[in-house]
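# Structural features, examined
Chain by chain, the residues run as shown.
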Amino acid sequence: MADGADAFCLREVLVAFTACLGEQREVRVDPYLAGWKGLIRFLNTLGTVFSFISKDAVTKIQILENYRNSDQREKYLTVQSMVEYELANGLVDLKKRSEHPDSGCRTFLRLHRALRWLQMFLEGLRTGEEDSKTSVICSEAYNASLANYHPWIIRKAATVAFYVLPTRNTFLENMNVGTADEAVAMLGDALPFICKVYDITEELYAQHKLLDLP
Ligand SMILES: CCCCCCCC/C=C\CCCCCCCC(=O)N[C@@H](COP(=O)(O)O)[C@H](O)/C=C/CCCCCCCCCCCCC
């Protein structure tokens, strides 16, 4: 694991996802991206076999950060304002990637689908037996979520990468929050917030028929 300022800490990641939720059920983009960036720091400590996954996630985060640093940054403050702005201004390719291949809506949707994987993976870790295999928990979560959107070659590469994951307790002890039991307790506190962020986004995208953006 990395030391110092760059070290992964589960608490920081979970705090970031908790901070996504606004009082009016809005989902804030900055803490959402901060949460993913923290997770990618962790992913990078697991070995180069995961590089193709972290590269894709970093690219998507960068696209959204660019919107947050642009003249239109206020429009990208929350997922709700982003959807409203991009749809009202015809900035989303709805049928085929063409004029707006990297819209905020499309890019966020990819991370949103990955959040479902994360939710299922963390729940599997939380409720798993001490010696259960993280690779199995991870594959099951992946097959029930993200895999449905990936071509065969990506599914194959992801499944191979999962094999190198350590056992559940070693994995939890690498979270920098104390013992495996303490990490489990923290997951229990944070998962309802992650679920809520997921559900609100899913509802918003469904309402605007954006769940299948190319
Ligand atoms: C206790 C907490 C520890 C949890 C640690 C989790 C660390 C995970 C960190 C990052 C997860 C990466 C999120 C990946 C986003 C993938 C978005 C996506 O679906 N992209 C595909 C579609 O994009 P477009 O082509 O349409 O632009 C793209 O094709 C995918 C490429 C890469 C493969 C993605 C495989 C995702 C597997 C997720 C499992 C990560 C394994 C983590 C192991 C702990």
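As shown above, the structure is provided for reference.
The following refers to the structure shown. Remember, it's a predicted structure, so these values are computed and weren't measured experimentally. All residue numbers refer to positions counted from 1 along the written sequence of the respective chain. It should be noted that, the model being predicted, local features are given only for residues of pLDDT at least 70 and side-chain atom pairs only at 80 or more, the latter also being counted only at that level, while totals for whole chains, interfaces and linings use all residues. Note that the side-chain values use all heavy atoms of the structure and ignore hydrogens as well as water.

### A few points about the overall build of the protein
- Put simply, DSSP H or I for four residues or longer makes a helix, DSSP E for two residues or longer makes a strand, and each gets a number counted from the N terminus. Within the protein, the secondary structure is distributed over 9 helices and 0 strands.
- Reading the protein from its N end, one meets helices and strands in the order α-α-α-α-α-α-α-α-α.
- Atoms counted for the radius of gyration: C-alpha only. Globule rule: 2.2 Å times residue count to the power 0.38. Relative to its length of 214 residues, the protein is compact, with a C-alpha radius of gyration of 17 Å against a globular reference of 17 Å.
- Taken along the three principal axes of its C-alpha coordinates, the protein extends 50 × 40 × 30 Å.
- Burial here depends on accessible area, computed with a 1.4 Å probe over protein chains only, as a share of the maximum for the residue type. Under 20% is buried, over 50% is exposed, and the range in between is partly exposed. In the protein, which comprises 214 residues, the proportion classed as buried is 46%.
- On the protein, roughly 11200 Å² of surface is accessible, and the fraction owed to carbon and sulfur atoms is 52%.
- Charged-residue counts in this description rest on Lys and Arg as positive and Asp and Glu as negative, His and the chain ends being excluded. A single reference atom marks each charge: NZ on Lys, CZ on Arg, CG on Asp, CD on Glu. The distance from the centre of the 24 positive side-chain charges to the centre of the 28 negative ones in the protein is 7 Å. Here the open area of atoms and residues is found with the Shrake-Rupley method and a 1.4 Å probe, where only the protein chains shown may cover a residue.

### Description of the packing of aromatic side chains
- Any pair of Phe, Tyr and Trp rings, taking the six-membered ring for Trp, is counted once the centres come within 6.5 Å. Such a pair is stacked with planes under 30 degrees apart, edge-to-face with planes over 60 apart, and tilted for the rest. On inspection of all chains with the given rule, the structure shows 9 aromatic pairs.
- Site record: aromatic cluster; members linked through ring pairs are Phe-17, Tyr-32, Trp-36 and Phe-108.
- Only when the NZ atom of a Lys or the CZ atom of an Arg is both within 6 Å of the ring centre and within 35 degrees of the ring normal do we say a charge sits over the ring. Here the guanidinium or amino end of Arg-113 rests over the ring plane of Tyr-149, the centre of that ring lying 3.9 Å away.

### So, the nonpolar core
- Here, the term nonpolar core denotes a set of buried Ala, Val, Leu, Ile, Met, Phe, Trp, Tyr and Cys residues that are joined through side-chain atoms within 4.5 Å. Ranked by internal contacts, the top residues of the largest apolar core, which has 67 residues, are Phe-17, Tyr-32 and Trp-36.
- For this core, the leading source of residues is helix 9 (residues 180-207), giving 13 residues.
- Apart from residues lying up to four places away in sequence, Trp-36 is in contact with Phe-17, Ile-61, Leu-111, Ala-114, Leu-115 and Leu-118. Throughout, a contact is declared for two residues whenever any of their heavy atoms are within 4.5 Å.

### Describing the packing of helix 6 (residues 134-143) against helix 7 (residues 152-162)
- Following both chains from N to C, one finds helix 6 and helix 7 inclined at 160°, their axes separated by 9 Å at the closest point. Between helix 6 and helix 7, the crossing angle belongs to the class labelled roughly antiparallel. Along this stretch, helix 6 crosses helix 7, giving a crossing that reads as right-handed. In this structure, helix 6 uses Ser-135, Cys-138, Ser-139 and Tyr-142 to contact helix 7, whose residues at the interface are Ile-154, Arg-155, Ala-158 and Phe-162.
- Residue polarity is assigned by list, with Asp, Glu, Lys and Arg as charged and Ala, Val, Leu, Ile, Met, Phe, Trp, Tyr, Cys and Pro as nonpolar; anything else, Gly included, falls into the polar class. For the contact of helix 6 with helix 7, the residue count by class is 5 nonpolar, 2 polar and 1 charged. Whenever a helix is involved, its axis is fitted only over the stretch in contact; in every case the axis is a line through C-alpha atoms, and angles between N-to-C directions fall within 0 to 180 degrees. Note that the term roughly parallel is reserved for angles under 35 degrees, roughly antiparallel for angles over 145, roughly perpendicular for angles of 65 to 115, and oblique for everything else. In this scheme the crossing of two helices becomes right-handed for a clockwise turn of the near helix relative to the far one and left-handed for an anticlockwise turn of less than a right angle.

### Topic: the site of the ligand
- We call a residue near a given molecule or strand whenever any one of its heavy atoms falls within 4 Å of it. Contacts to the ligand come from 25 residues, most closely from Asp-56, Lys-60, Arg-106, Arg-110 and His-150.
- The side chain of Lys-60 places a nitrogen or oxygen atom 2.9 Å from an oxygen atom of the ligand.
- Protein chains shield 91% of the accessible area of the ligand, which is 980 Å² for the free molecule.
- Looking at the shell around the ligand, the element that brings in the most residues is helix 5 (residues 104-127), giving 7 residues.
- When the residues that make up the shell around the ligand are grouped by side-chain class, the tally is 20 nonpolar, 1 polar and 4 charged. Pairs of N or O atoms within 3.5 Å make up the polar contacts considered here, provided that, within protein, one atom can donate a hydrogen while the other can accept it, and that residues adjacent in sequence are counted only when both atoms are side-chain atoms.

### Some thoughts on the side chain of Thr-134
- For Thr-134, the position within the fold is in helix 6.
- A distance of 2.5 Å separates the side chain of Thr-134 from the backbone oxygen of Pro-166, its partner in a polar contact.
- In terms of polar contacts, Thr-134 uses its side chain to reach the backbone amide nitrogen of Arg-168, at 3.2 Å.
- Once residues lying within four places of it in the same chain are set aside, the contact partners of Thr-134 are Phe-121, Leu-125, Leu-165, Pro-166, Thr-167, Arg-168 and Phe-171.

### Some details on the packing of helix 5 against helix 9
- Where helix 5 contacts helix 9, the two axes come as close as 9 Å, and the packing angle between them is 150°. Like other packed secondary-structure pairs, helix 5 and helix 9 cross with a definite hand, here left-handed.
- In terms of residue class, the contact of helix 5 with helix 9 is made up of 15 nonpolar, 5 polar and 4 charged.

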